Amino acid sequence: MTAPIAVSIRDLHLDYEISEDRRAALRERLVKHQGTGKRVVRALKGVSFDVRAGDSVGIIGSNGSGKSTLLAAVAGLLPPTSGDILVSAEPKLLGVGATLLPGATGWKNISIGCMALGMTAEEVDAQIEDIAVFTDLGEALDRPLHTYSSGMRARLHFAVATAMSPEILLIDEALAVGDEAFKQKSADRIDELLENAGALLLVSHSLNEVRDRSNRVIWIEQGRLRGDGDPETVVKDYRSFVTRATAKST
Amino acid sequence: METVDTSNLKSVNAQLPTREYLAEMWDRRDFAIAVPLEQLRSEHKNTLLGNLWHLGNPLLMIAVYYFVFGKLLQSNRGIDNFLLWLTIGIFTFRLTSSSVLGGAASITNSKGLIRAIKFPRTLLPISVVVSRLISFGIELSLLAGFTLLSGVGLSRRLLLLPVVILIHTSFNLGGALIAARLNEAFRDVQQIIPFLFRLLMYLSGVIFPIQNYLGEQITGLAMSVISLNPVMRIIDLYRWVFLGTAVDVGATAKTTLISLGILWFGFRYFRAAEWRYGRA
């Protein structure tokens, strides 16, 4: 028997239009961007796959292959150029690069992050102690977020994103920066989510992490699907691809 | 690919119908309060007097204008209680200008939040407007104190103050929403707005009574345009509430409609481009 579909990605294309150096200013719009450096970056070029409830899918690929773009698109943060993304519940994205309110304390960031995800002030009050304990940040929670290391920030974000037990959790490189103790804790939390028929999409450069965490691996290269299946096989294919590419360039 | 049952799935990019969108906003109302409180707290964090500047700033501004216009230029001719008259003008005008200017920066300043979490982006300009309203509340209680001290006393017209604030806020929020989208597309907007507001300040009778020039030095088309100025009319309403100065009923009705229209347009205009605010 197959579990119900949690995420269905159909022929997803996503282009970025970037103006070189900086954001388009009024002047460029007025002069009809003739000669100005507008470039289209085709980050995703027709990606399709389905994820079922209970699936833990690792996503691998070289830098700039489109992994993070894919995740942001599934979270609804980046609109596709064409194609569609269907979900059974609102996905929650946890990105290590994300900063909420840099000037506010860790405590404030937890409560405001939870409220942005849809918690009420009472729900935050009831849960904030548990969330704080989970982050293991201790007195650092009294300090502003911009004083945090990337690992500390990732802990806070992970705790916030999983506080509402999302059915679909998206993780972008977040766990690789945590220390061993936190990795264990977050692994347990993810197992809990998966047991409750959740689904996980995990982007990571740590192939070991992907292999340990996932029951399926998707390999994306230059915006296209290169592999999809059993973690051992896909990771092995990717490794030999990397070896060949490095051999070519030296 | 196998065919699958997708009846339980929904697209992540589907634009919500307005009713559901408003429900999502309502679900996150605590967020729309928590963010402005945090902003207010951190605003003067690096100054010696800290939060006292929320009061000190408008008081100093009144002192400057009172000195120049009340004492040096004597443009207070024909105005009773000039100091109160001026204070009302400055407090109310500042609410509009800071709401719109803050609204303009609300998307561009919150890229981190926007990239991290999906939530109705209208909450960002709303939270700016809420934070300005909280400051305004402090200023109003100061104003009520001045009114009592000066012997003018508080009248029953004060009961209509919430209605005036409601009209004023719908104008400010509409302006903040429009400015937010414009500034997201063209950063230049943030540079232009202060000058527009300087012009608007002179056209709104904040520090001298432009109303007295209408039909005399100002005639024709200029008079018709300036007469419509909702900011001028809103300031008149506050002065009516506190000082009992004259107010034009027809103009008040028009101002209410204009303010609600700007809010309606601003909401739609902001939402139409909401999908791309997280980009780049």
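Calculation notes
Residues numbered from 1 in each chain as written. Chains lettered and ligands numbered in written order. Predicted model: local features only at pLDDT ≥ 70, side-chain atom pairs only at ≥ 80, totals over all residues. Heavy atoms only, no water. Patch = residues over 30% accessible without salt bridge, like charges linked within 9 Å, V, L, I, M, F, W, Y side chains within 5 Å. Areas by Shrake-Rupley, 256 points an atom, 1.4 Å probe, with all protein chains shown as cover. Salt bridge = Lys/Arg side-chain N within 4 Å of Asp/Glu carboxyl O. Helix = DSSP H or I, 4+ residues; strand = E, 2+ residues; numbered from the N terminus. pLDDT = per-residue confidence, 0-100. Phe/Tyr/Trp six-rings, centres within 6.5 Å; stacked < 30°, edge-to-face > 60°. Buried < 20%, exposed > 50% of the residue type's maximum accessible area, 1.4 Å probe, protein only. Contact = heavy atoms within 4.5 Å. Buried area = accessible area lost by both parts, 1.4 Å probe. Polar contact = N/O pair within 3.5 Å; in protein donor to acceptor, adjacent residues only side chain to side chain. Nonpolar A, V, L, I, M, F, W, Y, C, P; charged D, E, K, R; others polar.

J.: I keep staring at a nonpolar patch on the surface and nothing clicks. Help me out?
T.: On the surface, a cluster of nonpolar side chains totalling about 240 Å² of accessible area is made up of Ile33(B), Leu37(B) and Ile134(B). Tracing the backbone shows Ile33(B) in helix α2 (residues 29-43).

J.: For this particular structure, what's the right way to read the confidence of the model for chain B?
T.: The predicted coordinates ought not to be read in detail in places where the model reports low pLDDT. Chain-level pLDDT for chain B is 86 on average; 96% of the residues reach the 70-or-more range. Reported for the predicted complex are a pTM of 0.83 and an ipTM of 0.74.

J.: What's the story with the packing of aromatic side chains in this structure? I'm lost.
T.: For any pair of aromatic rings, the description rests on two quantities: the centre-to-centre distance and the angle between the ring planes. If you walk through the whole model with that rule in mind, you get 13 aromatic pairs over all chains. Plain terms: the ring middles of Phe265(B) and Tyr269(B) are 5.5 Å apart, the flat faces sit at 15 degrees to each other, and that makes the pair stacked. Here Phe265(B) and its partner Tyr269(B) are both found in helix α11 (residues 249-272), four residues apart, which amounts to about one turn of the helix. Exposure remark for Tyr269(B): the relative accessible area of 22% places this residue in the partly exposed category. Ring-pair connections join several aromatic residues into one group, and the members of that group are Phe134(A), Phe158(A) and Phe182(A).

J.: Mind showing me how you'd approach the pattern of salt bridges here?
T.: Oppositely charged side chains may form a pair once their charged atoms are brought near each other. With the rule as written, the count across this model stands at ten salt bridges over all chains. For Asp236(B), the salt bridge identified is with Arg233(B), shortest N-O distance 4.0 Å. You can see Asp236(B) and its partner Arg233(B) sitting in helix α10 (residues 230-243), three residues apart, about one turn around the helix. You'll find Asp236(B) and Arg233(B) in the same group, each marked buried. Here the salt bridges share partners, and the residues they tie into one network are Asp55(A), Arg216(A) and Asp228(A).

J.: What am I meant to see in the interface of chain A and chain B here?
T.: Quoted interface sizes are often the accessible area lost when the parts come together. Taken together, the 46 residues of chain A in the interface contact 35 residues of chain B. Interface area, chain A with chain B, both sides summed: about 3,600 Å², of which 59% is carbon and sulfur. Across the chain A-chain B interface, the total number found is zero salt bridges. Across the contact surface, chain A and chain B share six residue pairs in polar contact (both at pLDDT 80 or more). Broken down by secondary-structure element, the contributors of at least two residues to the side of chain A that touches chain B are β1 (5-19), α1 (26-30), β2 (38-52), α2 (67-74), β4 (82-87) and α3 (106-116) of chain A. The dominant element in the side of chain A that touches chain B, judged by the number of residues it contributes, is β1(A), at six residues. Tallied by class, the residues present in the side of chain A that touches chain B amount to 27 nonpolar, ten polar and nine charged.

J.: When you look at the side chain of Ser214(A) in this model, what are you seeing that I'm missing?
T.: Residue and element names in this part refer to chain A. Mapped onto the elements of the fold, serine 214 is located in the loop between α7 (207-213) and β8 (216-221). Polar side-chain contacts of serine 214 include one of 3.2 Å to the backbone nitrogen of glycine 58. There is a polar contact of 2.7 Å between the side chain of serine 214 and the backbone oxygen of valine 210. Not counting the four nearest positions on each side in its chain, serine 214 is found in contact with Ser56, Val57, Gly58, Leu202 and Pro231.

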